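Residue-level structure breakdown
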Amino acid sequence: MGKIEWAMWANEQALAAGLILFTGGIVGVAGLFRGWQFAAYAVAAGLFVCLLEYPRSRRAKGTGVERKWQYGLTVCVKAFGPLTRNYYARAFLHAALCIPAGFILATVLGCVCLGIASLIYLSVSQILLQYFYILFSPCRKLVETVTRKRLFHY
Amino acid sequence: MANWIINNGVTCVTLVVWMGINIFLFVWFYLVYDVGDEYFYTRHLLGSALAWARAPAAVLNFNCLLILLPVCRNLLSLIRGSLVCCSRSLRKQLDKNIEFHKLVAYTIALMTAVHVIAHLLNVEWYNNSRQGVYDDLSTALSNLADTKNTTYLNPIRITSLDPQQIPTYLVFTTIAGITGVIITLCLILIITSSMEVIRRSYFEVFWYTHHLFIIFFAGLVIHGAGRIVRSQKDSPPHNFTLCKDRSAEWGRIPQCPVPQFAGNFPQTWMWVIGPMILYLCERLLRLVRYLQTVRYRKIVMHPSKVLELQLVKNGFKMEVGQYVFLNCPAISQLEWHPFTMTSAPEEDFLSVHIRSAGDWTEKLISIMQQLPEGAQGPKMGVDGPFGTASEDVFDYEVAMLVGAGIGVTPFASILKSIWYKFKDSNPVLRTRKIYFYWLCRETNAFEWFADLLQDQEREMEERGIGDFLTYKLFLTGWDQSHANHAMVHFDEETDVITGLKQKTHYGRPNWNKEFEQVRKENPSAVVGTFLCGPAVLAKVLEKKCAEYSEVDPRKTKFYFNKENF
């Protein structure tokens, strides 16, 4: 299992968690549940996580497959530099985001899923892989990778 | 249009029936909870939300039953065998098992979402009723406690906790709640690791995470054991129309005794127990097959890191175009990988050609490379054979076989089988002429197939039937160096790339030319076209078959067969 890039799975899991957080939040707000403020937070957090995780990274080995329409988001996310590129940063970001969602039932599932994604990212960050961005130009002819630091550290 | 019906008709009917059952279950159980008298008081507390939770639950029961069946491959083989008398379209339906499995999985995910959302609402409204936020009737119903003389309706009994935390408390202290959270989590992990990207590139993540289904089914079966969905019992007789506005007097007036409630008997296990047992049998069968001895007849290392294994197993019977699962405990105890067989049924061994395409295959190849001459390889488990046989190929007088890229592998089996049948004048074989079109970007990793064609070409020359098989190789990934090389060696008898007598073509085939040639050489014949390759090519060939077929029986007719290997 040495060559598996767990980050790809962490990305899928985080995206799903974002959706679940968002949905749980909507239910909480729409039903005006007790503690609906937490649900409102979950709506915002879920949306943020979805936007952050939607651009799929290029793989370290092999060809990457981008998600549909991810170009615009890739540009935005890339702009935050090391904050979004580093796996440690992602792990801690997701861990921090998921905690407030644990306070009401409607969003607890989203909280746990995001927590799992955070753990997977944490285990990946041990290898200090950097997140490569797939940037397809609008003509889809070029694949541009943007890295400022060295690529791999083992 | 007729072609579409033949190829897709059975699929359509199956899907319509499946959808029909889903809709029926949803509507039926919705009405039970939305209209039934025994849930009148429940509806007072929850509105339609309980119905919205129970209806998808019924659909979930049905689909959890279905999801295990398409992966019971031996069961499918059994069904396929007993349907030999019936049309091949029915049997080919069984080849779409994984697609059906995925469809059912998506349905389970959708229904789980509806079920969970509805229950979130239920829990919140139960909590509110218990806190006395709603009207008197709600409060009275919620106050009914679980004592000697009374039975509860509202599963939330506690009031001493912070009201905001009570729903979470309920979920984590009831069987339904805990199992619900656990199995939903398992479902989410299974789904995220089954995405195409993960499945194709990191198969082990997909395979091992998928085994969370064991926890899923275990939790599913005990999910209803707490019986927290309550209905009103008939005794003592409590007429809700009369008594709903007189909740303060319940138990004190003869017409309105305190209403009694009881939980419903859990039913999920009745739905899923059958398939669970069937699947268990499948895994046991796999274990039994694993324990059977498999000997190596020959181990060959072909160029471009392609490993050929010829294995002998007692009592193993195969048909053309089928596949097996291989397990090598020296590499991984738990992984079984599928490979199409490249040997013909007439041979007394089974062979697979394994290309380096991931962790498992690379380790296998490196183990084989380090084996001394003539030694037996590591222990290998063989499960199978599975898949619909492609014996239709033998029914046509003239066959056009098109293999693209890796799709050429099953044709190795087919061509060998045709050759054996021809040599033995097997009456099953009606084929008199075969056109084989091999499309690939480069011949890397397929030199073994070129060798196979070379052997067959030689044997046919010896028998003087050189025109039984016509091959055309199309190199779609050619570049200037190829062209230069070909130009320089133009005059040589054998082809520079494959060593075959018939020359390699560069670029994609001109199907008009090919079909025209087949038609010219075989007037008034029925031609079967078989493809193993990308869907785009399937569309092209289907169109050409329709174009070049003549209604006149004296002219050539083309039939396109969609094969999935």
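Residues numbered from 1 in each chain as written. Chains lettered and ligands numbered in written order. Predicted model: local features only at pLDDT ≥ 70, side-chain atom pairs only at ≥ 80, totals over all residues. Heavy atoms only, no water.

Within chain A, the secondary structure is distributed over six helices and four strands. Secondary structure of chain A in N-to-C order comes out as α-α-β-α-α-α-α-β-β-β. Contacts spanning at least 24 positions in sequence make up 71% of the contacts within chain A whose residues lie at least 6 apart. Counting every atom, chain A has about 7600 Å² of accessible surface; 71% of that belongs to carbon and sulfur. (Helix = DSSP H or I, 4+ residues; strand = E, 2+ residues; numbered from the N terminus. Contact = heavy atoms within 4.5 Å. Areas by Shrake-Rupley, 256 points an atom, 1.4 Å probe, with all protein chains shown as cover.)

The next subject is the UniProt feature "transmembrane region" (unreviewed entry) in chain A. Residue and element names in this part refer to chain A. Those places that UniProt annotates as "transmembrane region" (unreviewed entry) correspond, in this numbering, to residues 12–32, 38–54 and 92–121. Across residues 12–32, the secondary structure splits into 90% helix and 0% strand, with the terminal C-alpha atoms separated by 30 Å. Taken end to end, residues 38–54 comprises 94% helix and 0% strand; its first and last C-alpha atoms sit 24 Å apart. (UniProt positions renumbered as here; feature names shortened; annotations may be inferred.)

So, on to the domain arrangement of chain B. How big an interface is tends to be stated in terms of the accessible area lost upon association of its parts. All names here are of chain B. Looking at chain B, the domain boundaries give domain 1 (1–174 + 228–286), domain 2 (293–386) and domain 3 (391–562). Considering only the surface of domain 2 that becomes buried against domain 3, V320, T342 and E346 emerge as the three largest contributors, covering 34% of it. There are one salt bridge connecting domain 2 and domain 3. We note a salt bridge from E346 to K421, for which the minimum N-O separation is 2.9 Å. It is strand β7 (residues 350–355) that contributes the most residues to the side of domain 2 that touches domain 3, three residues altogether. Residues that form the side of domain 2 that touches domain 3 fall into these classes: seven nonpolar, eight polar and four charged. (Domains from an automatic or database assignment. Buried area = accessible area lost by both parts, 1.4 Å probe. Salt bridge = Lys/Arg side-chain N within 4 Å of Asp/Glu carboxyl O. Nonpolar A, V, L, I, M, F, W, Y, C, P; charged D, E, K, R; others polar.)

Before going further, it helps to examine the UniProt feature "transmembrane region" (unreviewed entry) in chain B. Residue and element names in this part refer to chain B. Residues annotated in UniProt with the feature "transmembrane region" (unreviewed entry) correspond here to residues 12–31, 51–72, 103–121, 169–193 and 205–226. Between the C-alpha atoms that bound residues 51–72 the distance is 33 Å, and the span itself is 82% helix and 0% strand. The span residues 169–193 shows a helical share of 96% and a strand share of 0%, and its end C-alpha atoms are spaced 30 Å apart.

The next subject is the sheet that holds strand β6 (residues 337–340) of chain B. Residue and element names in this part refer to chain B. As summarised here, the arrangement of the three strands in space is β6-β5-β8, forming an open sheet in which the pairing is antiparallel. With partners counted over all chains shown, the strands left at the sheet margins are β6 and β8 (381–386), one partner each. Going across the sheet, the axis of each strand differs from the next one's by a mean of 30°, ignoring polarity. Relative to β6, strand β5 (residues 323–327) runs antiparallel, the two being bridged by four bridges. The residue of β6 that forms the bridge with F325 is P338. Where helix α4 (residues 73–82) meets the sheet, it contacts β5 and β8, and its direction lies at approximately 35° from that of β8. (Pairing = 2+ DSSP bridges. Axes fitted to C-alpha atoms, helices over the stretch in contact; angles between N-to-C directions.)

Attention shifts here to the pattern of salt bridges. Side-chain pairs of opposite charge can arise whenever the charged atoms involved come near each other. Residue and element names in this part refer to chain B. This model, assessed by the stated rule, comprises eleven salt bridges over all chains. Note that R246 is salt-bridged to E249, the shortest N-O span being 3.3 Å. By relative accessible area, R246 is classed as partly exposed at 32%. (Buried < 20%, exposed > 50% of the residue type's maximum accessible area, 1.4 Å probe, protein only.)

Next up on the list: the interface of chain B and chain A. Each partner contributes residues to the interface: chain B has 32 residues there, and chain A has 28 residues. The junction of chain B with chain A conceals about 2800 Å² of combined surface from both sides, 71% of it contributed by carbon and sulfur atoms. Of all residues in chain B, the largest losses of buried area upon contact with chain A belong to L120, Q164 and Y202 of chain B, amounting jointly to 22% of the total for that side. Inspection of the chain B/chain A interface yields zero salt bridges. Counting across the chain B and chain A interface gives five residue pairs in polar contact (both at pLDDT 80 or more). Elements that contribute at least two residues to the side of chain B that touches chain A include exactly α6 (97–131), α8 (166–173), α9 (175–193), α10 (196–201), α11 (203–210) and α15 (359–369) of chain B. The element best represented in the side of chain B that touches chain A is α6 of chain B, accounting for eight residues. (Polar contact = N/O pair within 3.5 Å; in protein donor to acceptor, adjacent residues only side chain to side chain.)

Inspection of every chain in the model, using the stated rule, returns one disulfide over all chains. The disulfide partner of C243 of chain B is C256 of chain B, and the gap between their sulfur atoms is 1.8 Å. The sign of the -90° torsion about the S-S bond sets the C243 of chain B-C256 of chain B disulfide as left-handed. Taken together, the residues C243 of chain B in helix α13 (residues 240–243) and C256 of chain B in the loop between α13 and β2 (261–263) connect sequence positions 13 residues apart. Side by side, C243 of chain B and C256 of chain B carry an identical accessibility label, which is buried. Its sulfur unpaired, C50 of chain A is 12 Å from the next cysteine sulfur, which belongs to C113 of chain A. Owing to a relative accessible area of 13%, C50 of chain A belongs among the buried residues under this scheme. The thiol sulfur of C545 of chain B is not disulfide-bonded, and the nearest other cysteine sulfur, from C532 of chain B, lies at 16 Å. Residue C545 of chain B is classed as buried on the basis of its relative accessible area, which comes to 1%. (Disulfide = S-S within 2.5 Å.)

This part takes up empty space enclosed by the protein. Enumeration over the complete set of coordinates arrives at five cavities of 30 Å³ or more. In this model, the second largest cavity occupies a volume close to 80 Å³. Lining the second largest cavity are F33, R34, I104, L105 and A106 of chain A together with L120, V123, E124, Q164 and P167 of chain B. It is α6 of chain B that provides the largest number of residues to the lining of the second largest cavity, a total of three residues. Looking at the lining of the second largest cavity residue by residue, the classes come out as seven nonpolar, one polar and two charged. (1 Å grid on protein atoms, 1.4 Å probe; cavity = no way out; pocket = protein on both sides within 12 Å on 5 of 7 lines; lining within 4 Å. Points joined across faces, edges and corners; volume = space filled by probe spheres on them.)

Let us look at the packing of helix α3 (residues 49–68) of chain B against helix α12 (residues 213–222) of chain B. Residue and element names in this part refer to chain B. At their nearest, the axes of α3 and α12 sit 12 Å apart, and the two run at 145° to each other. In the crossing of α3 with α12, the sense of the turn from one axis to the other is left-handed. Contacts from C64, I67 and L68 in α3 reach F213, F216, F217 and L220 in α12. A per-class count over the contact of α3 with α12 returns seven nonpolar, no polar and no charged. (Left-handed = near helix turned anticlockwise from the far one by under 90°.)

All names here are of chain B. Put simply, G384 and P385 share a cis peptide bond, and its omega is 0°. By the element assignment, P385 lies in strand β8. One non-glycine residue, R227, adopts positive backbone phi at about 50°. Positive phi, normally seen in glycine, also occurs at S524, with a value near 50°. Note that S524 resides in the loop between α19 (511–521) and β13 (526–532). Judged by relative accessible area, which is 44%, S524 ranks as partly exposed.

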